[in-house]
Number of protein chains: 2
Amino acid sequence: MGIILHELVGADKNRPFSPHCWKTVMSLAHKGLPFDRNTISFKDIPQLENGYSAKVPIIRDGEKVVADSFEIALYLEDHYPDRPSLFKGAGGRAMARFVEGWSQMTIHPYMNVVILMPVHDLLDAPNQAYFRESREKIFGRKLEDVAAERDAKREAFTKSLEPMRKMLVSQPFIGGEGPLFSDYIVFGAFQWARVLTPYKLLDGSDPVHDWFERCLDLHGGIARQIGAA
Amino acid sequence: MGIILHELVGADKNRPFSPHCWKTVMSLAHKGLPFDRNTISFKDIPQLENGYSAKVPIIRDGEKVVADSFEIALYLEDHYPDRPSLFKGAGGRAMARFVEGWSQMTIHPYMNVVILMPVHDLLDAPNQAYFRESREKIFGRKLEDVAAERDAKREAFTKSLEPMRKMLVSQPFIGGEGPLFSDYIVFGAFQWARVLTPYKLLDGSDPVHDWFERCLDLHGGIARQIGAA
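Calculation criteria
For every chain, the first residue of the written sequence is number 1, and numbering continues from 1 onward in sequence order. Chain labels run from A onward and ligand labels from 1 onward, assigned in the order the entries are written. Local features in this predicted model are restricted to residues whose pLDDT is 70 or higher, and side-chain atom pairs enter the listing and the counts only when it is 80 or higher, whereas totals over whole chains, interfaces and linings include all residues. Remark: hydrogens and water are excluded; side-chain values derive from all non-hydrogen atoms of the structure. Stacked, edge-to-face and tilted labels apply to pairs of Phe, Tyr and Trp rings (six-membered ring for Trp) whose centres lie within 6.5 Å, assigned for plane angles under 30 degrees, over 60, and everything in between, in that order. Per the convention used, a helix needs a DSSP run of H or I reaching at least four residues, while a strand needs a run of E reaching at least two, with both numbered from the N terminus. In this scheme, a residue with accessible area under 20% of its type's maximum is buried, one over 50% is exposed, and one in between is partly exposed, where area comes from a 1.4 Å probe on protein chains only. For a ring to carry a charge above it, either NZ of a lysine or CZ of an arginine must fall within 6 Å of the ring centroid while also lying within 35 degrees of the normal to the ring plane. Only heavy atoms enter the contact rule, under which two residues are in contact if any of them lie within 4.5 Å. The term buried area refers to how much accessible surface (probe radius 1.4 Å) is lost by two components on association, counted for both of them together. A pair is scored as a salt bridge if a Lys or Arg side-chain nitrogen falls within 4 Å of a carboxyl oxygen belonging to Asp or Glu. Counting of polar contacts relies on pairs of N or O atoms within 3.5 Å, with two restrictions inside protein: one atom must be capable of donating a hydrogen and the other of accepting it, and residues adjacent in sequence are counted only when both atoms are side-chain atoms. Pairing between two strands is assigned when DSSP locates at least 2 bridges connecting them. Here the axes come from fitting lines to C-alpha atoms, over the contacting stretch only for helices, and the angles between their N-to-C directions go from 0 to 180 degrees. Here the bounds of each domain stem from an automatic or database domain assignment. Polarity classes work like this: nonpolar for Ala, Val, Leu, Ile, Met, Phe, Trp, Tyr, Cys and Pro, charged for Asp, Glu, Lys and Arg, and polar for all others, with Gly in that last group. UniProt positions are given in the numbering used here, feature names are shortened, and annotations may be inferred rather than shown by experiment. When the copies are overlaid, the least-squares fit takes in C-alpha atoms only where the residue has pLDDT of at least 70 in both copies.

Peer 1: I'd like to hear about the packing of aromatic side chains, residue by residue, with values.
Peer 2: In this structure the tally under the stated criterion is 25 aromatic pairs over all chains. Considering the side-chain rings of Phe98 of chain A and Phe98 of chain B, the 6.3 Å spacing of their centres and the 70° angle between planes classify their relative orientation as edge-to-face. Pair noted here: Phe98 of chain A is in helix H3 (residues 90-122) and Phe98 of chain B is in helix H3 (residues 90-122), and the two residues belong to different chains. Assessed through its relative accessible area of 0%, Phe98 of chain A is described here as buried. Seen in terms of ring centroids, Tyr110 of chain A and Phe157 of chain A are 4.6 Å apart; in terms of plane orientation they differ by 25°. Their pairing is stacked. One end of the pair, Tyr110 of chain A, is in helix H3; the other, Phe157 of chain A, is in helix H6 (residues 150-160), with 47 residues separating them in the sequence. With respect to class, Tyr110 of chain A is no different from Phe157 of chain A; both count as buried. Here a set of aromatic residues connected by ring pairs shows up, and it is made of Tyr110, Phe157, Phe187, Phe190, Trp211 and Phe212 of chain A. The ring of Tyr199 of chain B carries the charged tip of Arg150 of chain B above its face, separated from the ring centre by 3.7 Å.

Now the structure itself:
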């Protein structure tokens, strides 16, 4: 039996959108490991794997259960060392934490604005109620008020990608000549938006757009199989 | 004969300040390689090593001359593989380019504001004229007008360090448990300000402050030997 990935979906089970689950999809594909995608809703998470974690992704690999996309990548790296590396050494492991920090603190805050109403709208009624309550608690405001800032914040978001553009002058991926887990960290955030909303985040001439397209082509185009919203 | 590092100074030859030269000082110390610091002024650079490069750092290692702090780190890594690693693998090499992009596009723009008048003031008259002309061309404004934005921009600068704070929850250095070249990339920017101005960039309670103090302690405290301005 292959690895099972517990992965978040909304009412349409064919359109997984969680950025963190996408990091794990890409990690498993990178390692060339067979896996089954078990789609679940927000409210199903507490019952998964005997309440193993409050968040997905969670994987089951035989007897072993692992949660958190970074922990899963480390697990896969250590347990499948003969497969293509996700980190390429101790330096890559450490610096992936820096890329994670950058993605979480720079990209995710804006993505949260962009995807807020689209996520809400695709959930069924009980999950909508859960989503609204939990997110309004985090933001301290109504969902609609947060979402209204999307256009006004786009320029600052685009500017915040300058570190990546500067890096892309030297190499095609964060991982160098080819992708590593650090690419999937940032990819997950952009794929989240791609699956949920037709809103145009990047101009076609943006080197970050080209990088994202390269990522969509990886591993047989596994991430492109879910069409853009 | 050890390695020679051509390093920028102002009128006081005992206070090297260039962020890029500091990256190389730390790289050479990390490798445990003996080196001599040949201090030069802005206007000396075109005459160095037969006009090898328009910018410092430049190192001479026997017959070999290398310019650019990143290229120098790669050279040292490849030519002294038995010494402590500056990258810890191919992933670390690649992701150091991402850290460089972040440092250049996020930290340097503010540091350039903070250090502008202090650098100007410590140069001798011919170098002051060179500095003013070249920098006012870059900024498109008078030095004094750029420098006046220091206090107003401090809060946004501090907020821009969030990726690093997030990473420091997981580990004490960008390189993981110990420093790598990626730490020296960011360190160079903060040391630049430390040597040039008493202006307080970070609160004492900031995890980035603690990280910087850890860097100052490295390699026998080589960077702390130059007192704070």
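Peer 1: Residues and numbers for the interface of chain B and chain A, please.
Peer 2: In this complex, chain B contributes 29 residues to the contact, which on the side of chain A involves 29 residues. Roughly 2,300 Å² is buried in total at the junction of chain B and chain A, and carbon and sulfur atoms are behind 78% of that figure. By the criterion of area lost to chain A, the three top residues of chain B are Met95, Phe98 and Met105 of chain B, representing 31% of everything that side buries. The tally of links between chain B and chain A comes to zero salt bridges. The tally of links from chain B across to chain A stands at six residue pairs in polar contact (both at pLDDT 80 or more).

Peer 1: So what's going on with the sheet that holds strand E4 (residues 64-67) of chain B? Which residues, and what values?
Peer 2: All names here are of chain B. The strand order E2-E1-E3-E4 describes an open sheet built from four strands, whose pairing is mixed. What marks the edges here is a single partner per strand, and that holds for strand E2 (35-40) and E4. Sheet twist, expressed as the average angle between the axes of neighbouring strands with direction ignored, equals 20°. Sheet analysis places strand E1 (residues 3-8) next to E2, joined by six bridges and oriented parallel. Pairing of His6 across the sheet is with Asn38, part of E2. Running over the sheet, helix H1 (residues 19-30) touches E1, E2 and strand E3 (58-61) and is turned about 155° from E1. Taken strand by strand, helix H2 (residues 69-79) contacts E1, E3 and E4, and its axis lies near 135° from that of E4.

Peer 1: So what about the domain arrangement of chain A? Which residues, and what values?
Peer 2: Residue and element names in this part refer to chain A. When the domains of chain A are assigned, the result is domain 1 (3-79) and domain 2 (90-221). Contact residues are listed per partner, giving 23 residues for domain 1 and 30 residues for domain 2. For the domain 1 and domain 2 pair, buried surface summed over both sides reaches about 2,300 Å², with 70% attributable to carbon and sulfur atoms. Its largest share of buried area at the contact with domain 2, domain 1 owes to Met26, Phe42 and Phe70, together 30% of the area lost on that side. Counting the contacts that link domain 1 with domain 2 gives two salt bridges. Our enumeration of links across domain 1 and domain 2 arrives at six residue pairs in polar contact (both at pLDDT 80 or more). Counting residues per element, the side of domain 1 that touches domain 2 draws most heavily on helix H1 (residues 19-31), at eight residues. Its residues assigned to classes, the side of domain 1 that touches domain 2 shows 11 nonpolar, six polar and six charged.

Peer 1: Residues and numbers for the UniProt feature "domain: GST N-terminal" (unreviewed entry) in chain A, please.
Peer 2: Sites flagged by UniProt as "domain: GST N-terminal" (unreviewed entry) map to residues 8-84 of chain A. End C-alpha atoms of residues 8-84 of chain A are separated by 26 Å, and the span's content is 31% helix alongside 19% strand.

Peer 1: So what's going on with the relation of the copies chain B and chain A? Residues and values would help.
Peer 2: After a rotation of 180° and a shift along the axis of 0.0 Å, chain B superposes on chain A with an RMSD of 0.0 Å. When the rotation and shift are considered jointly, the pair of chain copies conforms to a two-fold rotation axis. Taken as a fraction of all interface residues of chain B, those also at the interface in chain A reach 100%, which identifies the copy contact as same-surface.

Peer 1: Now, about the pairing of E4 of chain B: what can you tell me, with residues and values included?
Peer 2: All names here are of chain B. Here E3 runs beside E4; their pairing, made up of four bridges, is antiparallel. What sits directly across from Asp61, in E4, is Lys64. Connecting E3 to the antiparallel partner E4 that follows it, the hairpin turn spans two residues, and Gly62 within it adopts a positive phi of roughly 65°.

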